[in-house]
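# Observations on the model geometry
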Amino acid sequence: MIELKNLCKQFVQKNGQPFNAVDNVNLVVPEGEICVLLGPSGCGKTTTMKMINRLIEPTSGQVLINGEDTAGIDTVSLRRNIGYVIQQIGLFPNMTIEDNIMVVPRMLGWDRKRCRERARELMSMVALDPDRFLHRYPKEMSGGQQQRIGVIRALAADAPVLLMDEPFGAVDPINREQIQNEFLLMQRQLGKTVMLVSHDIDEAIKLGDRIAVFRQGRIVQCAGADEILAKPADEFVASFVGHDRTLKRLLLVQAGDVADAQPTLTASLDTPLQQAFGTMDDHDLRYLTVVDADGKPLGYVKRKDAKASDGVCADRLNPITITSNPDENLRVVLSKLYEHNLTWMPVLDADGRYNGEVSQDYIASFLNSGKTHGRQRAAPK
Amino acid sequence: MDSWIELLHTAWPFLIRGAGYTVFFALIAMVLGLALGFAVALVRIARVPVLAQAAAVYVSAMRGTPLLVQIFVIYYGLPSVGIEFEPVTAGILALTLNVAAYLSESMRGAIAGVSRNQWLAGYSLGLNWWQTMRHVIAPQALRLAVPSLSNSLISLIKDTSLVSVITVTELMLATKEVIAQTFQPLPLYLAAAAIYWVLSALFERVQRAVEKKLELAHRH
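Keep in mind it's a predicted model, so treat the numbers as computed, not measured.

### Considerations on the overall build of chain A
Counting its secondary structure elements, chain A contains 17 helices and 15 strands. By its C-alpha atoms, chain A is 80 × 55 × 35 Å across when sized along the principal axes. Of all intrachain contacts in chain A linking residues separated by at least 6 positions in sequence, the fraction that spans at least 24 positions is 62%. Carbon together with sulfur atoms contributes 45% to the accessible area of chain A, which is approximately 17400 Å² in total. In chain A, the 45 positive side-chain charges and the 49 negative ones have mean positions that sit 6 Å from each other.

### Structural notes on the pattern of salt bridges
Oppositely charged side chains can form a pair if their charged atoms are brought close together. This structure, assessed with the given rule, holds 24 salt bridges over all chains. The partner of A:E33 in a salt bridge is A:R210, and the shortest N-O contact between them spans 3.5 Å. Residue A:E33 is found in the loop between β2 (18–29) and β3 (34–38), and its partner A:R210 is found in strand β9 (residues 210–215); the two are separated by 177 residues along the sequence. B:R143 is the salt-bridge partner of B:E215, the closest N and O atoms lying 3.4 Å from each other. Placement of the pair is B:E215 in helix α8 (residues 185–215) and B:R143 in helix α6 (residues 129–159), with a sequence separation of 72 residues. The exposure class of B:R143 is partly exposed, given its relative accessible area of 29%. Bridged by salt links that share partners, the residues A:D294, A:K296, A:D351 and A:R353 form one connected network.

### Quick look at the UniProt feature "domain: ABC transporter" (unreviewed entry) in chain A
The feature "domain: ABC transporter" (unreviewed entry), as given by UniProt, occupies residues 2–241 of chain A in the numbering adopted here. Helix and strand shares over residues 2–241 of chain A are 39% and 26% respectively, and the end C-alpha atoms of the span are 25 Å apart.

### Let's talk about a nonpolar patch on the surface
Nonpolar side chains collect at one region of the surface, where B:L68, B:F72 and B:Y76 lie side by side and expose about 270 Å² of accessible area between them. Within the fold, B:F72 resides in helix α3 (residues 67–77).

### Looking at the sheet that holds strand β11 (residues 266–267) of chain A
Reading across the sheet, the 3 strands line up as β11-β12-β13 (chain A) and stay open at both edges, with mixed pairing between neighbours. Looking at the sheet topology across the chains shown, the edges are occupied by β11 and β13 (297–302) of chain A.

### Considering the pairing of β3(A)
All names here are of chain A. For β3, a buried count of 5 out of 5 residues is recorded, marking the element as mostly surrounded by other parts of the structure. Burial of the side chains of β3 extends over both faces: I34, V36 and L38 are buried on one face and C35 and L37 on the other. In this sheet, β9 lies alongside β3 in parallel orientation, the contact comprising 4 bridges. By the bridge assignment for β9, L37 is matched with A212.

### Concerning the side chain of B:N98
Residues and elements named next belong to chain B. In this structure, N98 sits in helix α4 (residues 87–112). With a relative accessible area of 8%, N98 lands in the buried category. Side-chain polar atoms of N98 contact the side chain of Q70, separated by 3.0 Å.

### Points about unusual backbone geometry
Negative phi is the rule for most residues except glycine; trans is the rule for most peptide bonds. Of note in the backbone geometry, A:R54 takes a positive phi value of approximately 55° without being a glycine. When you line up the elements, A:R54 lands in the loop between α1 (45–52) and β4 (60–65). Not every positive phi belongs to a glycine, and B:T167 is a case in point at roughly 65°. Checked against the element boundaries, B:T167 lands in the loop between α6 and α7 (171–182). Residue B:T167 is classed as exposed on the basis of its relative accessible area, which comes to 51%.

### What about the sheet that holds strand β5 (residues 68–69) of chain A?
Residues and elements named next belong to chain A. Read across the open sheet, the 4 strands follow the order β2-β1-β4-β5; overall the sheet is antiparallel. Edge strands, defined here as strands with exactly one partner in the open sheet, are β2 and β5. As paired strands, strand β1 (residues 2–12) and β2 are joined by 8 bridges and run antiparallel to one another. Looking at the pairing, E3 lines up with V28 of β2.

### Thoughts on the side chain of A:K50
Following the sequence through the fold, A:K50 ends up in helix α1. Ignoring any residue separated from it by four or fewer positions in sequence, one finds A:K50 in contact with A:L55, A:I56, A:Y84, A:D165 and B:L120.

### Focus: the packing of aromatic side chains
Evaluated as defined, the whole model comprises 10 aromatic pairs over all chains. Note on A:Y300 and A:W344: the rings are 5.4 Å apart at their centroids and 90° apart in plane angle, and the pair reads as edge-to-face. Of this pair, A:Y300 sits in strand β13 while A:W344 sits in strand β14 (residues 344–348), placing them 44 residues apart in sequence. Relative accessible area serves as the criterion here: at 15%, A:Y300 is assigned to the buried category. The interplanar angle of 75° and the centroid separation of 4.8 Å between the aromatic rings of B:Y75 and B:Y76 together place this pair among those described as edge-to-face. Take B:Y76: its relative accessible area is 47%, and that puts it in the partly exposed class. Ring-pair connections join several aromatic residues into one group, and the members of that group are A:Y287, A:Y300 and A:W344. The ring of A:W110 has A:R114 sitting right over it, with the charged end atom 3.7 Å from the ring centre. One Lys or Arg, A:R153, reaches over the ring of A:F92 and ends 4.6 Å from the middle of that ring.

### Section: the interface of chain B and chain A
Listed as interface residues are 21 residues of chain B and, on the opposing side, 24 residues of chain A. In total, chain B and chain A occlude about 2000 Å² of area from one another, counting both sides; carbon and sulfur atoms represent 64% of this. Between chain B and chain A we count 0 salt bridges in total. At the boundary of chain B with chain A, the tally comes to 5 residue pairs in polar contact (both at pLDDT 80 or more).

### Quick notes on the UniProt feature "domain: CBS" (unreviewed entry) in chain A
The positions UniProt marks with the feature "domain: CBS" (unreviewed entry) are residues 259–320 of chain A. Between the end C-alpha atoms of residues 259–320 of chain A the distance is 17 Å, and the span holds 29% helix and 21% strand.

### Some points on the UniProt feature "transmembrane region" (unreviewed entry) in chain B
All names here are of chain B. Within this numbering scheme, the UniProt entry marks residues 20–43, 55–78 and 186–203 as carrying the feature "transmembrane region" (unreviewed entry). Across residues 20–43, helical content stands at 100% and strand content at 0%; the span's end C-alpha atoms are separated by 34 Å. In the segment residues 55–78, helix accounts for 88% and strand for 0%; the C-alpha atoms at its two ends are 21 Å apart.

### Some words on the packing of helix α1 (residues 2–45) of chain B against α7(B)
All names here are of chain B. Put simply, α1 and α7 touch, their axes get as near as 7 Å, and they point 155° apart. Judged by the inter-axis angle, α1 sits roughly antiparallel to α7. Where α1 crosses over α7, the two elements pack in a sense that is right-handed. Across from L7, A11, F14, L15, G18, A19 and T22 in α1, the residues of α7 making contact are L171, A174, T175, V178 and T182.

Cut-offs applied
- Residues numbered from 1 in each chain as written.
- Chains lettered and ligands numbered in written order.
- Predicted model: local features only at pLDDT ≥ 70, side-chain atom pairs only at ≥ 80, totals over all residues.
- Heavy atoms only, no water.
- Helix = DSSP H or I, 4+ residues; strand = E, 2+ residues; numbered from the N terminus.
- Contact = heavy atoms within 4.5 Å.
- Areas by Shrake-Rupley, 256 points an atom, 1.4 Å probe, with all protein chains shown as cover.
- Lys, Arg positive; Asp, Glu negative; His and termini not counted.
- Charge placed at Lys NZ, Arg CZ, Asp CG, Glu CD.
- Salt bridge = Lys/Arg side-chain N within 4 Å of Asp/Glu carboxyl O.
- Buried < 20%, exposed > 50% of the residue type's maximum accessible area, 1.4 Å probe, protein only.
- UniProt positions renumbered as here; feature names shortened; annotations may be inferred.
- Patch = residues over 30% accessible without salt bridge, like charges linked within 9 Å, V, L, I, M, F, W, Y side chains within 5 Å.
- Pairing = 2+ DSSP bridges.
- Polar contact = N/O pair within 3.5 Å; in protein donor to acceptor, adjacent residues only side chain to side chain.
- Phe/Tyr/Trp six-rings, centres within 6.5 Å; stacked < 30°, edge-to-face > 60°.
- Lys NZ or Arg CZ within 6 Å of the ring centre and 35° of its normal.
- Buried area = accessible area lost by both parts, 1.4 Å probe.
- Axes fitted to C-alpha atoms, helices over the stretch in contact; angles between N-to-C directions.
- Parallel < 35°, antiparallel > 145°, perpendicular 65-115°, else oblique.
- Left-handed = near helix turned anticlockwise from the far one by under 90°.

Below you can see the structure in the form of structure tokens.
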């Protein structure tokens, strides 16, 4: 866990005036979470992070790591216990990949065999073949591969805390996306507490369990990604996250969020059509899903078919062509709906039982409702 | 022409012995000069108070005065204040002090030429100043510095001829002594020039080998 208490950094400008680069920042990053410091350049986010491993000495305030005040720890042992991914990757071009990764373990006095095993283990974590790459120099690898090495170098000594300064800025968008996904998977497995500096709202949304938006040395809003997008604290945050912020939320809100916000209404095969019509009429629905005794969907009936008909739902059953699962984000859901020219689809749980439905109307009303994404975030696939 | 060949045949042992001294001076001054030059560069890069200023004055003085004058001051001047050196010691001292000043400037420039980001990367991994210098900065700086270090070191090989003025029988003085007996300056000076050239060319080979080795990490 990282705690910042009343952290300040004052610089003296050329004209002799003091300048508060970081102004009374308070922030808690719970263990195992990723907190993104987001803001324009010069907002104090990088300075804040560099005060954690004291690359910059704080003017006042406290930094606590797992409850311990870091002011009492000498900088060298402090830094060896905090992984740091530097801007522009920062690999040492004069050392092989193995030497690069093993700098900290060697300083910590690990023996040769343990270093070698650790290097191989780290390489396999980022899917790079140790036999092929460990003895290469950084220049002999692609940008994306170097970026991965930068991340595992920071993880080499298994420090519980990881600081990352625009860690994925030096690679092209396609590689970045993939490395972000790999990183997220790795972080979920290892449970590291991560603080990451970024100026990219999409990166923040993707990686941050929590986003702290900085402006002029202060945190103006600190919340989950969906809350920042749904309820920006002020005009600055709103414009920084972009005026298409509601569309960005599609990635964050899952089909299950929308389905949970609606009453679960179903019929069974022997439900009279008149009764089904009544249900649809009461709830202003155009379709009603028909399920079996186990709750698994069998098909659906249309409101206009049920309206003037006798008989039961089984007589007018239409097949269901496409379904969603609760973990799918709304972007994927909407894409499927447009692809199949549909306006709704049922949401099924892992056992295939009906769990509600998503429709264009439901999505719009959820995004409008002031509710935010509240489900556990899944690791990327 | 035949007389030249005969002459060189007679002079050969003297010239070779002189060249041996030249190589001896050059190698010792190179090793000591590189060490002193690195120390001076470090002191200035780390901005060690007092020492850094002293180093700057030293570099300026050594680069700003002729080597010949420096040799005279050390061998003929210092005895008057009670500091006396053997000719060989005085020669090594003068050459070392002189070349170290030039080498230190090449190293300082190369160290400053390594990206700030590399220092930050070293510090962020928990390396201290010296460890970062030793493992990260210096190896990269060396690669940048090799061409200009080689310049100074090749000059050093030729500058050893100046210690002939303090009665050290290196290649230059050996040549003069042979000329004094044979009165044949042209073939003998040409022979001496050829030997200096061969020594410098051999050093260039060393330079290329070092460059090739350091280039390993930068093939792409």
